[in-house]
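For reference, the chains in residue letters:
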Amino acid sequence: MKYRILQISLLIFFVACQPELINLDKAKKAVAEYYDSGKYEKDCGKLIDKAVEFIESVEPYDSNAVVFDIDETALDNYCYIKSIGFGYILDEWNKWINRAEAPPNKEVKRLYDYLRSKNIRIIFLSGRYEETYKATVDNLHSAGYTEYDTLIIRKNHQNNESASKFKSRVRKELSEKGYRIIANVGDQKSDFEGGFSGYIIKLPNYLYEVD
Ligand SMILES: [Mg+2]
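Scoring rules and cut-offs
- Residues numbered from 1 in each chain as written.
- Predicted model: local features only at pLDDT ≥ 70, side-chain atom pairs only at ≥ 80, totals over all residues.
- Heavy atoms only, no water.
- Buried < 20%, exposed > 50% of the residue type's maximum accessible area, 1.4 Å probe, protein only.
- Helix = DSSP H or I, 4+ residues; strand = E, 2+ residues; numbered from the N terminus.
- Arc of directions from axis to C-beta.
- Contact = heavy atoms within 4.5 Å.
- Core = buried A, V, L, I, M, F, W, Y, C linked by side-chain atoms within 4.5 Å.
- Expected span 1.5 Å × (residues − 1).
- Pairing = 2+ DSSP bridges.
- Axes fitted to C-alpha atoms, helices over the stretch in contact; angles between N-to-C directions.
- pLDDT = per-residue confidence, 0-100.

Student: Please clarify how helix 5 (residues 90-99) should be interpreted in this entry.
Tutor: The periodicity of an α-helix, 3.6 residues per turn, causes residues three or four places apart in sequence to face the same way. Along helix 5, the residues classified as buried are Trp93, Trp96 and Ile97. Each buried residue of helix 5 sits inside an arc of 100° when the element is viewed along its axis, so together they form one side. In helix 5, the exposed positions that point more than 90 degrees away from the buried face belong to Asp91 and Lys95. Contacts from the buried residues of helix 5 go to helix 4 (78-83), strand 2 (121-129) and helix 7 (133-142).

Okay, here's the thing in structure tokens:
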């Protein structure tokens, strides 16, 4: 009898631990609804408001800097990702990046404009690779990000370094050079791991996850 109760308990535990499967079509509609309804922009806005409140309280140093991720942070690729029915195809993604047509995330651009008005330094740090450098500069420019201290993306030989390791290593190097990183805005956990981030502004991303 005791053995039977244990078996039933284990079965209940096993069933309870199973992630609930969602129909893919419904999941895509729910994600599209989140972005198209303005909820995404609203959520970003709340996070940016809090960040501005924090930055207002930071002691002003000439070396104060904020690190910006690019994809799904400074630039918004949602329209492209939705147009291909969501998902990811490397060649198609690269073609999109090279078109340099992504619009800015309006709320992140608002943060950028605020920081520029305060003469706080801007650093763009992205896991994109070097062959996209020109397109990235062009896209940042067309999206209104015309002034920044530096733009750092990955060299091709750094492709065995995870996004998290690459970004934390660069932030450490920037800090050693004298930058005082007061905040870091991104959409992935890997944008913040490893320290040297300051105040963390983690934007929502229901489109994809990067290690
Ligand atoms: Mg990103």
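Student: What should I look at first to understand the nonpolar core in this one?
Tutor: Side chains that are nonpolar tend, in soluble globular proteins, to be buried together. Core analysis: the largest hydrophobic core is formed by 43 residues, its most contacted members being Phe68, Leu111, Leu115, Phe124 and Tyr145. When residues no more than four places from it in sequence are discounted, the contact partners of phenylalanine 124 are Phe68, Asp69, Ile70, Ala74, Leu140, Tyr145, Tyr148, Thr150, Leu151 and Ile152. Formed by ten residues, the second largest nonpolar core is a distinct cluster that contains Val67, Ile123, Phe166 and Leu174.

Student: How do you make sense of helix 8 (residues 163-177) when you look at a structure like this?
Tutor: Relative to the 21 Å expected for 15 residues at 1.5 Å per residue, helix 8 spans 21 Å between its end C-alpha atoms, a close match to the ideal helical length. Inspection of helix 8 places Ala163, Ser164, Phe166, Lys167, Ser168, Val170, Arg171 and Leu174 among the buried residues, and these make up the whole buried set. Buried residues along helix 8 sit against strand 1 (64-68), strand 2, strand 3 (150-154) and strand 4 (180-186).

Student: I tried to follow the sheet that holds strand 5 (residues 199-202) on my own but got confused; where do I start?
Tutor: By way of backbone hydrogen bonds, the strands of a sheet pair with one another, either parallel or antiparallel. The parallel open sheet is built from five strands, whose spatial order is 3-2-1-4-5. With partners counted over all chains shown, the strands left at the sheet margins are strand 3 and strand 5, one partner each. Going from strand to strand, the sheet's axes swing by 20° on average, the running direction of each strand aside. Contacting strand 1, strand 2, strand 4 and strand 5, helix 6 (residues 106-117) runs over the sheet at an angle of about 165° to strand 1.

Student: I would appreciate a short explanation of the confidence of the model for the protein chain in the present structure.
Tutor: Regions with low pLDDT should not have their predicted coordinates read in detail. Scored by pLDDT, the protein chain comes out at a mean of 91, with 91% of its residues at no less than 70. pLDDT under 50 marks residues 1-6. Its contacts with residues more than four places away, or in other chains, come to zero contacts.

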